[in-house]
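Here is how the chains run, residue by residue.
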Amino acid sequence: MSAAEPMDVPAALRTPIKRVGPGWIAAVVIVHIGINVGFFAPIQVLLGLHAEQLDASQKNAILSLVTGVGAAVSLVANPLFGALSDRSTSKFGRRIPWVFFGTICAALALLLMSTAHTVSTLVIGWALMQAAGNAALAAIFAAIPDKVPVEQRGMVGGLVALGQTCGSLIGAVIGMVAASNLVFGYAIVATAVAICSIPFVLMRQDVALPKGALEPLKPLEFLRSFWINPVKHSDFGWAWLTRFLLYLGCQLCLVYLLFFLQDAIKHPEPAQGVLVLTAIYAFCVIFSSVISGKLSDKDGKRKKYVILSSVIVAAAAGVLTFATSFTTAIIAAVLLGIGFGAYLAVDFALLTQVLPNADSRGKDLGMINIANSLPQVVAPLIAWLTVTWFGGYRTLFLCSVVISLLGAVLVRQIKSVP
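A quick note: this is a predicted structure, and the numbers were derived from the prediction, not measured.

Calculation rules
Residues numbered from 1 in each chain as written. Predicted model: local features only at pLDDT ≥ 70, side-chain atom pairs only at ≥ 80, totals over all residues. Heavy atoms only, no water. Axes fitted to C-alpha atoms, helices over the stretch in contact; angles between N-to-C directions. Helix = DSSP H or I, 4+ residues; strand = E, 2+ residues; numbered from the N terminus. Parallel < 35°, antiparallel > 145°, perpendicular 65-115°, else oblique. Contact = heavy atoms within 4.5 Å. Nonpolar A, V, L, I, M, F, W, Y, C, P; charged D, E, K, R; others polar. UniProt positions renumbered as here; feature names shortened; annotations may be inferred. Left-handed = near helix turned anticlockwise from the far one by under 90°. 1 Å grid on protein atoms, 1.4 Å probe; cavity = no way out; pocket = protein on both sides within 12 Å on 5 of 7 lines; lining within 4 Å. Points joined across faces, edges and corners; volume = space filled by probe spheres on them. Buried < 20%, exposed > 50% of the residue type's maximum accessible area, 1.4 Å probe, protein only. Patch = residues over 30% accessible without salt bridge, like charges linked within 9 Å, V, L, I, M, F, W, Y side chains within 5 Å. Areas by Shrake-Rupley, 256 points an atom, 1.4 Å probe, with all protein chains shown as cover. Salt bridge = Lys/Arg side-chain N within 4 Å of Asp/Glu carboxyl O. Expected span 1.5 Å × (residues − 1).

Draft legend 1. View of the packing of helix α12 (residues 303-321) against helix α15 (residues 393-410). Across the interface, α12 lies against α15 with an axial gap of 8 Å and an inter-helix angle of 170°. Considered as vectors, α12 and α15 are oriented roughly antiparallel to each other. Counting all contacts with α12, which are made through Ile307, Ser310, Val311, Val313, Ala314, Ala317, Gly318, Leu320 and Thr321, the residues of α15 involved are Arg394, Phe397, Leu398, Ser400, Val401, Ser404, Leu405 and Ala408. Residue composition of the contact of α12 with α15, grouped by class: 11 nonpolar, 5 polar and 1 charged.

This is how it looks when you write it as structure tokens:
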């Protein structure tokens, strides 16, 4: 508890000062691995292959529709379930029930997708997966500022980024292995999502919120709470905007990666190519995120790392703009991994330092996570327009360059974090 907090503040709402141990950190990272396998195995490979199987001539449009609808669902689901977890008074704690039930429901949604023989069934299944997966994601993200002191958040953020990257890599492996058997692929992903929540749930280290600690829920006030005034909380607003821009820049590099390798690079095995690039990217993210997170904890500086990482992401998109071979794509993967890895670790720590209120961490991080999810709505539209009508993949990647650099410039507007 910080000195500024009154003694009667419930333990669940206090600013943590005790460092968390490796067991709890490992459990949080494993949850992130599972959830990100659930998100990225479909996004990177399975949905593209599924779209091609449903209608090869309309694969781009189908993929954009499915991912766009799913991302739109996540825009609502993440802050909504984060806010509900803030108010949960379960004896198991505020976050554990949402992590448990969210991952179980996400697994069931993936099994539904494995049966999809129509575009509408695939859309419904992915929307349900996004809703359930974001319920679990909102809760596990909020558990970090609940438990981790400020001076340890860069390191924990780096390890969470490692979990996200491992999930992405495992997803690419599943996609390659299951390229000829989508039902098998979805089943593996569903199993991973469900199993990876078990350590966090069984540890039972979530702090329960006493009943009556918060004011009774009033529907209109609850809805109004989702508006966070960007003028009153300007650093939160700038942090949201810059995160949106960087995620959009990265998403533009990834959304059509399978098709880029297939159509532009002419890779003979595009699914295998996605796996190779993802593995290289993953190694660089792991290396970059852990080191940059520790460095930012050590010197207390966040913004300089965020700015530099955004510039490196822009450089990766610039390389892709002129890529004519798989070797060039590998160089871009290295740059993207280094840049995005550093960004994931340090920007997360920065975000936890600009949250408006301790009693709404889940909801506030859920609003931040809109900045992660909204690009999944916008990027497929930009990708489809640029690739189909406005110059192809080169224009797509140039858009990423400009957007990422704009994010780097605007980080300087955040004043309360050095």
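We are not done yet, so read on.
Draft legend 2. Inspection of the UniProt feature "domain: Major facilitator superfamily (MFS) profile" (unreviewed entry) in the chain at higher detail. Within this numbering scheme, the UniProt entry marks residues 235-418 as carrying the feature "domain: Major facilitator superfamily (MFS) profile" (unreviewed entry). Taken end to end, residues 235-418 has its terminal C-alpha atoms 12 Å apart, with 82% of it in helix and 0% in strand.

Draft legend 3. Region of interest: the packing of helix α10 (residues 257-264) against helix α11 (residues 270-299). One way to put it is that α10 packs onto α11 with a least axis distance of 9 Å and a crossing angle of 125°. Relative to α11, α10 is oriented oblique. Helix-helix and strand crossings are classified by hand; for α10 and α11 the assignment is right-handed. Across the interface between the two elements, Leu257, Leu258, Leu261 and Gln262 of α10 pack against Pro270, Ala271, Gly273, Val274 and Leu277 of α11. Considered class by class, the residues forming the contact of α10 with α11 number 7 nonpolar, 2 polar and no charged.

Draft legend 4. Fine view of the layout of surface pockets. Roughly 430 Å³ of internal volume is contained in the largest pocket. Along its surface, the largest pocket is lined by 21 residues, and Arg87, Ser225, Asp359, Ser360 and Lys363 are the ones closest to its centre. Taken together, the elements giving at least two residues each to the lining of the largest pocket come down to α2 (59-86), α8 (219-224) and α14 (361-389). Classifying every residue of the lining of the largest pocket by side-chain character gives 8 nonpolar, 5 polar and 8 charged. Taken as a whole, the second largest pocket holds about 270 Å³ of empty space. What lines the second largest pocket is a set of 15 residues, among which Pro16, Lys18, Asp146, Lys147 and Val207 lie closest to the centre. Looking at the lining of the second largest pocket, its residues break down into 7 nonpolar, 3 polar and 5 charged.

Draft legend 5. Fine view of unusual backbone geometry. Phi angles above zero are rare outside glycine, and Arg204 is one such case at about 55°. With respect to the helices and strands, Arg204 occurs in the loop between α7 (198-203) and α8. The class of Arg204 is partly exposed, set by a relative accessible area of 47%. Notably, Lys266 is not glycine yet its phi reads approximately 65°, a positive angle. Within the secondary structure, Lys266 is located in the loop between α10 and α11.

Draft legend 6. Geometry of empty space enclosed by the protein. Applying the stated criterion to the full structure yields 5 cavities of 30 Å³ or more. Considered as a void within the structure, the largest cavity measures approximately 650 Å³ in volume. No other element matches helix α13 (residues 326-352), which puts 6 residues into the lining of the largest cavity. Here the residues of the lining of the largest cavity sort into 22 nonpolar, 15 polar and no charged. Roughly 150 Å³ of volume is contained in the second largest cavity. Lining the second largest cavity we find Phe40, Ile43, Gln44, Gly48, Leu63, Gln251, Leu254, Val255, Tyr256, Leu257, Leu258 and Phe259. Secondary-structure elements contributing two or more residues to the lining of the second largest cavity are α1 (22-54), α9 (234-254) and α10. Taken together, the residues that form the lining of the second largest cavity break down as 9 nonpolar, 3 polar and no charged.

Draft legend 7. Spotlight on a nonpolar patch on the surface. Where nonpolar side chains cluster on the molecular surface, the patch consists of Phe100, Phe101, Ile104, Leu108 and Leu111 and spans about 460 Å² of accessible area. Relative to the elements of secondary structure, Ile104 occurs in helix α3 (residues 96-114).

Draft legend 8. Molecular detail of α11. Here α11 spans 42 Å end to end across 30 residues, near enough to the 44 Å set by a 1.5 Å rise per residue. In the segment just after α11, Gly300 is the residue with positive phi, at about 75°.

Draft legend 9. Just the pattern of salt bridges, in detail. Under the definition given, this model contains 9 salt bridges. The partner of Asp347 in a salt bridge is Arg243, with the nearest N and O atoms 2.6 Å apart. Within this pair, whereas Asp347 is found in helix α13, its partner Arg243 is found in helix α9, the two being separated by 104 residues in sequence. On the accessibility criterion, Arg243 (3% relative accessible area) is buried. It is possible to trace a salt-bridge network through shared partners that takes in Asp86, Arg94, Arg95, Asp146 and Arg361.

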